[in-house]
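# A structural walkthrough
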Amino acid sequence: MVETNDEWITTRTGIKERRILKGEGLGTSFMAAEAVRGLLKKTNTDPKDIDLVICATVTPDYLFPSTANLVCTQVGIPTIGSFDILAACSGFLYALSTGAQFIESGRYKKVIVIGGDKMSSIIDYTDRTTCVLFGDGAGAVLLEPSTEDVGIHDFLLKSDGTGENHLMMKGGGSRFPASHDTIDQRLHHITQEGPAVFKFAVTNMADVSAEIMERNHLTGDDIQWLVPHQANKRIIDATANRMGIGPEKVMLNIQKYGNTTAGTIPLCLWDYESQLKKGDNVVLAAFGGGFTWGSCYLKWAYDAPSKSE
Ligand SMILES: CC(C)(COP(=O)(O)OP(=O)(O)OC[C@H]1O[C@@H](n2cnc3c(N)ncnc32)[C@H](O)[C@@H]1OP(=O)(O)O)[C@@H](O)C(=O)NCCC(=O)NCCS
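Just so we're clear, the structure is a prediction, and the values are computed from it rather than from any experiment.

In this section: the overall build of the protein. Counting its regular elements, the protein contains 10 helices and 10 strands. Computed over its C-alpha atoms, the radius of gyration of the protein comes to 19 Å, within 12% of the 19 Å expected for a compact globule of 309 residues. By principal-axis analysis of the C-alpha atoms, the protein measures approximately 55 × 45 × 35 Å. Expressed as a percentage of its 309 residues, the buried residues of the protein come to 51%. A fraction of 75% describes how many contacts in the protein between residues 6 or more apart in sequence connect residues 24 or more apart. A total accessible area of about 14,800 Å² is found for the protein, and carbon and sulfur atoms account for 52% of it. In the protein, 29 side chains carry a positive charge and 37 a negative one; their mean positions are 2 Å apart.

A separate point is the packing of aromatic side chains. Two aromatic rings are characterised by how far apart their centres lie and by the angle between their planes. With the rule as written, the count across this model stands at 5 aromatic pairs. Centre to centre, the rings of Phe-102 and Tyr-108 are 5.4 Å apart; their planes meet at 15 degrees, and the pair counts as stacked. Within the aromatic cluster, the residues linked to one another by ring pairs are Phe-200, Phe-291 and Trp-293.

Looking now at the side chain of Lys-299. Considering the arrangement of structural elements, one finds Lys-299 in strand E10 (residues 292-299). If sequence neighbours within four positions are ignored, Lys-299 has contacts with Asp-149, Val-150, Gly-151, His-153, Gly-279, Asp-280 and Asn-281.

Along the chain, the position of Gly-173 falls in the loop between strand E6 (167-169) and helix H6 (180-184). When the C-alpha atoms of Gly-173 and Val-208 are compared, they prove to be 30 Å apart, with 35 residues separating the residues in sequence.

So, on to the pattern of salt bridges. Applying the stated criterion across every chain, the model contains 13 salt bridges. Residues Glu-17 and Arg-19 are paired through a salt bridge, measuring 2.6 Å at the closest nitrogen-oxygen approach. What makes Glu-17 partly exposed here is its relative accessible area of 41%. Relative accessible area serves as the criterion here: at 37%, Arg-19 is assigned to the partly exposed category.

Tracing the backbone shows Gly-194 in helix H7 (residues 194-215). Along the sequence, Gly-194 and Thr-130 sit 64 residues apart, while their C-alpha atoms lie 8.2 Å from each other.

Turning to the site of the ligand, a few remarks are in order. Taken together, 24 residues lie around the ligand, and Thr-4, Arg-12, Cys-89, Gln-192 and Asn-232 are the ones closest in. For the ligand, a nitrogen atom lies 2.6 Å from a polar atom in the side chain of Gln-192. Within the backbone of Pro-195, a nitrogen or oxygen atom sits 3.5 Å from an oxygen atom of the ligand. Expressed as a share of its isolated accessible area of 960 Å², the protein-covered part of the ligand is 73%. Every element with two or more residues in the shell around the ligand is listed here: helix H1 (6-13), helix H5 (128-131), H7, helix H8 (233-243) and strand E9 (281-288). The biggest single contributor to the shell around the ligand is H7, with 4 residues. Residue classes in the shell around the ligand are distributed as 11 nonpolar, 9 polar and 4 charged.

Turning our attention to the layout of surface pockets. Taken as a whole, the second largest pocket holds about 1,000 Å³ of empty space. Together, 35 residues line the second largest pocket, and Val-58, Leu-86, Met-168, Met-169 and Gly-171 are the ones closest to its centre. Those elements that provide at least two residues to the lining of the second largest pocket are strand E2 (81-85) and E6. At 3 residues, the largest contribution of residues to the lining of the second largest pocket is made by E6. Class assignment of the residues belonging to the lining of the second largest pocket gives a composition of 16 nonpolar, 14 polar and 5 charged.

About the thresholds
Residues numbered from 1 in each chain as written. Predicted model: local features only at pLDDT ≥ 70, side-chain atom pairs only at ≥ 80, totals over all residues. Heavy atoms only, no water. Helix = DSSP H or I, 4+ residues; strand = E, 2+ residues; numbered from the N terminus. Rg over C-alpha atoms; globule rule 2.2 N^0.38 Å. Buried < 20%, exposed > 50% of the residue type's maximum accessible area, 1.4 Å probe, protein only. Contact = heavy atoms within 4.5 Å. Areas by Shrake-Rupley, 256 points an atom, 1.4 Å probe, with all protein chains shown as cover. Lys, Arg positive; Asp, Glu negative; His and termini not counted. Charge placed at Lys NZ, Arg CZ, Asp CG, Glu CD. Phe/Tyr/Trp six-rings, centres within 6.5 Å; stacked < 30°, edge-to-face > 60°. Salt bridge = Lys/Arg side-chain N within 4 Å of Asp/Glu carboxyl O. Near = heavy atom within 4 Å. Polar contact = N/O pair within 3.5 Å; in protein donor to acceptor, adjacent residues only side chain to side chain. Nonpolar A, V, L, I, M, F, W, Y, C, P; charged D, E, K, R; others polar. 1 Å grid on protein atoms, 1.4 Å probe; cavity = no way out; pocket = protein on both sides within 12 Å on 5 of 7 lines; lining within 4 Å. Points joined across faces, edges and corners; volume = space filled by probe spheres on them.

Interpretation in functional terms is not warranted from these geometric data alone.
Here it is in structure tokens:
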């Protein structure tokens, strides 16, 4: 569709494959519901015991009702609270930090946090600067209270609205509602100034990761895993370098999925789950449109059971 080649994509981004959700009428909730069904089964959880569902996405099925709302109905979770969070590629980090507050306050016992995006629904496949980067995917985690020294210890959330024009989807909101004109101008697609975003991402994802290490008195040796947002392998390498972490401790699956926006971090956790051990020090880091960025320090809570699929 566009003039590009495997060598350019691989060397500039690390991406080899991407997944695209096919099927008429299927939105992000379809993938998110599949992730939640797997999560409920794996953790032997009755849908009736879930207290809250939060879904991070920039590609909700509709502007409203929320995707979290739709997922609950699709998987048989009864009438509990559910809502979406929109913080672009940092969305999962924002949603996780929000969900953790409900557990920490003692208010809720089981909170599901989903990150997922059907990026193919907002990609302009005539724009080679974005269409090679993004894919579709979703993942989900379950948060529960613990009396042990595990779980989310700290997080840092940041944003800066001056990044507005560097990475956005201009049409379809209240400023530029859908019209013939917005369609003619292709405003219902992602636009990005790649090099500007790259520069911002390299600096800020590394900064925020270093900051969370420092304030928790962690060195690279103390950390077992870095779980970075998967936007570009070069950005991930720069972050790991700054943290003093070798590549063997960095979760990487960008080659399989590309950038799935809110889906990248939970998809990493899923792919690497069998290697995680109870008590591992894990740092999550992300950045995205807005700009938004952040990091989270957690201690992994369990030794993974072997995967059945
Ligand atoms: C998008 C990105 C991979 C581009 O890499 P880059 O090294 O900055 O490349 P540039 O944009 O400077 O483009 C370099 C050249 O490649 C060309 N190019 C751009 N896309 C291309 C493609 N898909 N195939 C082949 N050539 C391409 C450009 O036109 C440019 O050509 P020119 O030198 O003749 O003008 C990189 O900027 C990036 O990863 N940015 C951050 C994006 C991101 O993380 N976004 C998500 C945020 S959550």
